[in-house]
Amino acid sequence: MLNDPWFTVRKIDEKTYAISELGHWEKVHSFLLIGDTKAALIDTGLGIDNMKRITDQLTHLPIDVITTHVHSDHIGSHGEYDRLFVHEAERDWLVHGIVGLPLEQIRENTARDITIPVPESFDPNTYKPFQGEPTGVLKDGDCVELGNRTLIIYHTPGHSPGHIVIFDKDTGYLFTGDLLYDETPVYAFYQTTNPVDLVNSLEKLTKIGHISMIYGSHNTLGLAPEILDEVKNAVEYLRKHDFVRFGTGIHSFHGFSVQF
């Protein structure tokens, strides 16, 4: 597997790779899915280093970048790619900037708690999240065809208005972005989040059939689909106890947690 000073590349299968930034406190994962005629790159990481250096080594097919949501740790290398797709609810964020997150805060979050050397090209004082016009917008139920590999888009707002998850119909992989991962809380406690939407979106995950593995965008790479049984229980518990609103804090369950 590729030996890179910043990115950790792990092969999930012969046509699927995780591209991770494990030297950063957010433990961000992006994913390259290769079909017969083109590839999809789910998110492009922090932008501390150039992800295209990695994807160029993994495939020569044209790449569609599919954005789970427009937060700075998911759009970092967007500017290196020609074809960018985002949910219609966050097109304006991609073009004009992320609402509700000051640039100073983004720079601070990006530069802190890094445990390995950063490339010389990275300067936290001049770092800016990508802004630009997408090639196209996505909506719930859209299918992205890669050639003998079909991706289904599910709109799952809550962490952000245009958050999506991507279901790989052929492998059963579900890429959940910042809607479901382990170790640290899923966030729905700040201005642009919505606790009610987040819980509805978690419930939506439990209704997707034939999931073989779940890949969130942070922390552990790969969660067994049995975690969705706990997600279902969590949804019922949170609603029953009137916790689905701002200010109720961190709620921990077996394998994941949420913060409102």
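Above this text sits the structure in question.
Note that this is a predicted model, so its numbers are computed, not measured.

A.B. asks: Please clarify how the packing of helix α4 (residues 195-205) against helix α5 (residues 227-240) should be interpreted in this entry.
C.D. replies: For the pair α4 and α5, interaxial distance at closest approach is 9 Å and the crossing angle is 145°. Note that α4 runs across α5; the crossing there is left-handed. On α5, the residues touching V199, N200, L202, E203 and L205 of α4 are L228, V231, V235, L238 and R239. Grouping the amino acids of the contact of α4 with α5 by side-chain chemistry returns seven nonpolar, one polar and two charged.

A.B. asks: How do you make sense of α5 when you look at a structure like this?
C.D. replies: Helical periodicity: at 3.6 residues per turn, an α-helix aligns residues three or four positions apart in one direction. Given a rise of 1.5 Å per residue, 14 residues ought to cover 20 Å, and the 20 Å separating the end C-alpha atoms of α5 matches this to within 8%. Within α5, burial applies to I227, L228, V231, A234, V235 and L238. Down the axis of α5, the sector holding all buried residues measures 105°, keeping them to one side. Seen from the buried face of α5, the exposed residues on the opposite side, beyond 90 degrees, are D229 and K240. Here the buried face of α5 lies against α4, β13 (213-216), β14 (250-253) and β15 (256-259). D242 sits one or two residues past α5 and shows a positive phi near 55°.

A.B. asks: Help me understand the sheet that holds strand β6 (residues 83-87), please; the structure alone is not making it clear to me.
C.D. replies: Hydrogen bonds along the backbone pair up the strands of a sheet, which may run parallel or antiparallel. Read across the sheet, seven strands follow the order β1-β2-β3-β4-β5-β6-β7 without closing on themselves; strand pairing throughout is mixed. A single partner strand is all that each edge strand has here, and the edge strands are β1 (8-13) and β7 (136-138). Ignoring strand direction, the axes of neighbouring strands in this sheet form an average angle of 25°.

A.B. asks: Can you help me understand the environment of R239 in this one?
C.D. replies: Note that R239 resides in helix α5. Distance from R239 to T126, taken between C-alpha atoms, is 43 Å for residues 113 residues apart in sequence. Apart from residues no more than four positions distant in its own chain, R239 is found in contact with V199, N200, E203 and V244. A distance of 2.9 Å separates the side chain of R239 from the side chain of E203, its partner in a polar contact.

A.B. asks: What am I meant to see in the sheet that holds strand β10 (residues 164-168) here?
C.D. replies: Reading across from one edge, β8-β9-β10-β11-β13 is the order of the five strands in this open sheet, with mixed pairing throughout. Each having just a single partner strand, β8 (143-145) and β13 make up the two edges of the open sheet. Put simply, the sheet's adjacent strands are angled 20° from each other on average, direction ignored.

Cut-off values and rules
Residue positions are counted from 1 within each chain, in the order its sequence is given. Totals for whole chains, interfaces and linings use all residues, but because this is a predicted model, local features are given only for residues with pLDDT of at least 70 and pairs of side-chain atoms are given and counted only at 80 or more. Neither water nor hydrogens contribute to the side-chain values; these are computed over all heavy atoms in the structure. Between N-to-C directions, angles span 0 to 180 degrees; the directions come from axes that are lines fitted to C-alpha atoms, helices contributing only their stretch in contact. Runs of E in the DSSP output that reach at least two residues are strands. Runs of H or I that reach at least four are helices, and both are numbered from the N terminus. The hand of a helix crossing depends on one turn: near helix anticlockwise from the far one by less than a right angle means left-handed, and clockwise means right-handed. Any two residues whose heavy atoms approach within 4.5 Å are treated as being in contact. Classes in brief: Ala, Val, Leu, Ile, Met, Phe, Trp, Tyr, Cys and Pro nonpolar; Asp, Glu, Lys and Arg charged; the others, Gly included, polar. By this rule, a helix spans an expected 1.5 Å times one less than how many residues it contains. Each residue's exposure class comes from its accessible area (1.4 Å probe, protein chains only) as a fraction of the maximum for that residue type: buried when under 20%, exposed when over 50%, partly exposed otherwise. Along the arc lie the directions from the helix axis toward the C-beta atoms. Two strands pair if DSSP finds at least two bridges between them. Here a polar contact means two N or O atoms within 3.5 Å. Within protein one must be a hydrogen donor candidate and the other an acceptor candidate, and residues neighboring in sequence count only if both atoms are side-chain atoms.

Just geometry here; none of it tells us what the structure is for.
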